[in-house]
Amino acid sequence: MSNPPSAWAAPGPIRGVIFDLHSTLVDQGSADEWLDLALSAHHHPLDDSERAALVAFLDRIWENARLHDPDSSRDLSADAHRRVFHRLLDEGPGVDAGLGDALYASLLDTWHAYDDTIPVLTDLRNAGISVAVLSNVGVPIQHVLDREGITPFADATVLSWQVGTVKPEPGIFRQALVELALGPDEVLMVGDSGKDDAGAAHLGIRTLILPRTAGRVHGLAAVTALVHGLNAGYSATS
């Protein structure tokens, strides 16, 4: 982690918002749905107790990734991403190689935008606020952004596998600032991870953490409330 700047800029109006993707703009979806998609591609007999155990494991599978991949190297290449996934899967309830491959192939099919994602992005666009999507991800996700209607609102997309650095390292946040043509004092970072996304604060970027939630609404209205409230405050004092 780099040292903070020697002189911090005074905070001003927010002109851009950088959003994490997974568990911030899109929910990973139901593990039941994910398993059903995989089973439709590869038959694998499971009794009720085996299915319940596997669904519970899949719902939290990436939470164990830090044990095998503490530096998030999986998010720098597709090969590393696949390798770590199968290593994690080996620790769960037994599945054969075919079902493991089917689970990996359908990994992104259940990622869906929260119900409040597009309304919040629309509000920011109407207010003239630039938006970047920034993600630690080792596989292409443009089709997810397209499918979920996020692409038209993204002025920049910064993905770890493309830029060669991962959150919380400063380089990936700097790249987002470059692509938005904004300074750290002009931007808000929004994510779900107090470890990864809070790395933005080391560059002087104001940061909002919205932890993972269950359900179709993630609480993204807090973003527009914060942006509009801060900007109104600066307008009143200028």
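Here is a short report on the structure shown in this document. (Residues numbered from 1 in each chain as written. Predicted model: local features only at pLDDT ≥ 70, side-chain atom pairs only at ≥ 80, totals over all residues. Heavy atoms only, no water.)

### Side note on the pairing of strand β5 (residues 156-159)
With four bridges joining them, strand β4 (residues 130-135) and β5 adopt parallel strand pairing. Bridging across to β5, Ser135 finds its partner in Leu159. Following the chain from β4 across helix α7 (residues 142-147) to the adjacent parallel β5, one finds a crossover that is right-handed. (Pairing = 2+ DSSP bridges. Helix = DSSP H or I, 4+ residues; strand = E, 2+ residues; numbered from the N terminus. Right-handed = clockwise from strand over helix to strand, strands pointing away.)

### Some details on the layout of surface pockets
Approximately 700 Å³ is the volume attributed to the largest pocket. What lines the largest pocket is a set of 27 residues, and nearest its centre among them are His22, Trp62, Arg74, Asp192 and Asp196. For the lining of the largest pocket, the class distribution of residues is seven nonpolar, eight polar and twelve charged. Of the volumes computed, that of the second largest pocket is approximately 150 Å³. Per-class residue counts for the lining of the second largest pocket are one nonpolar, five polar and four charged. (1 Å grid on protein atoms, 1.4 Å probe; cavity = no way out; pocket = protein on both sides within 12 Å on 5 of 7 lines; lining within 4 Å. Points joined across faces, edges and corners; volume = space filled by probe spheres on them. Nonpolar A, V, L, I, M, F, W, Y, C, P; charged D, E, K, R; others polar.)

### A short note on empty space enclosed by the protein
Taken as a whole, this structure holds one cavity of 30 Å³ or more when the rule is applied. Taken as a whole, the largest cavity encloses approximately 70 Å³ of empty space. Lining the largest cavity, in full, are His22, Gln28, Gly29, Ser30, Ala31, Trp34, Asp59, Trp62, Leu107, Thr110 and Trp111. The class makeup of the residues in the lining of the largest cavity is five nonpolar, five polar and one charged.

### Observations concerning the sheet that holds strand β1 (residues 16-19)
Spatial ordering of the open sheet is given by β5-β4-β1-β6-β7, a layout of five strands whose pairing is parallel. Edge positions in the sheet fall to β5 and β7 (206-209), since each of these pairs with one other strand and no more. Averaged over neighbouring strand pairs, the angle between their axes works out to 20 degrees when direction is ignored. Where β1 lies against β4, four bridges are found, and the strand directions are parallel. Within β4, the position partnered with Val17 by the bridge is Val131. The strands that helix α6 (residues 117-126) touches are β1 and β4; relative to β1, the one it contacts most, it runs at about 155 degrees. (Axes fitted to C-alpha atoms, helices over the stretch in contact; angles between N-to-C directions. Contact = heavy atoms within 4.5 Å.)

### Things to note about the environment of Arg125
Topologically, Arg125 is positioned in helix α6. Note: C-alpha distance between Arg125 and Ala154 (29 residues apart in sequence) is 9.4 Å. Looking at Arg125, its side chain comes within polar contact range of the main-chain oxygen of Pro152, at 3.2 Å. (Polar contact = N/O pair within 3.5 Å; in protein donor to acceptor, adjacent residues only side chain to side chain.)

### Looking at the pattern of salt bridges
In the structure shown here, the tally under the stated rule is 15 salt bridges. Asp115 serves as the salt-bridge partner of Arg216, at 3.3 Å between the closest nitrogen and oxygen. Of the two residues, Arg216 sits in the loop between β7 and α10 (221-237) while Asp115 sits in the loop between β3 (112-113) and α6, which places them 101 residues apart along the sequence. Given the relative accessible area of 35%, Arg216 is considered partly exposed. Between Glu148 and Arg147 there is a salt bridge; the shortest N-O distance is 2.8 Å. You can call Arg147 partly exposed: its relative accessible area is 37%. Taken together, the salt bridges that share partners define one network made up of Asp59, Arg60, Glu63 and Arg212. (Salt bridge = Lys/Arg side-chain N within 4 Å of Asp/Glu carboxyl O. Buried < 20%, exposed > 50% of the residue type's maximum accessible area, 1.4 Å probe, protein only.)

### What about helix α4 (residues 78-90)?
Spanning 13 residues, α4 covers 19 Å between terminal C-alpha atoms, matching the ideal 18 Å at 1.5 Å per step. Regarding α4, the residues found buried are Ala80, His81, Val84, Phe85, His86, Leu88 and Leu89. On its buried face, α4 is in contact with α1 (31-41), α2 (48-59), α3 (65-68) and α5 (97-105). (Expected span 1.5 Å × (residues − 1).)

### Re the environment of His143
Its place among the elements puts His143 in helix α7. Measuring from C-alpha to C-alpha, the distance between His143 and Asp109 comes to 9.9 Å, with 34 residues separating the pair along the chain.

### Remarks on the nonpolar core
In terms of nonpolar packing, the biggest core is built from 49 residues, with Val17, Phe19, Leu21, Leu58, Leu103 and Val223 touching the most fellow members. Ignoring anything within four residues of it in the chain, the contact list for Leu21 reads Val26, Trp111, Val133, Leu134, Ser135, Ile141, Leu145 and Ile150. Among the nonpolar cores identified, the runner-up in size contains 16 residues, and Leu134, Val158, Val187 and Leu203 belong to it. (Core = buried A, V, L, I, M, F, W, Y, C linked by side-chain atoms within 4.5 Å.)

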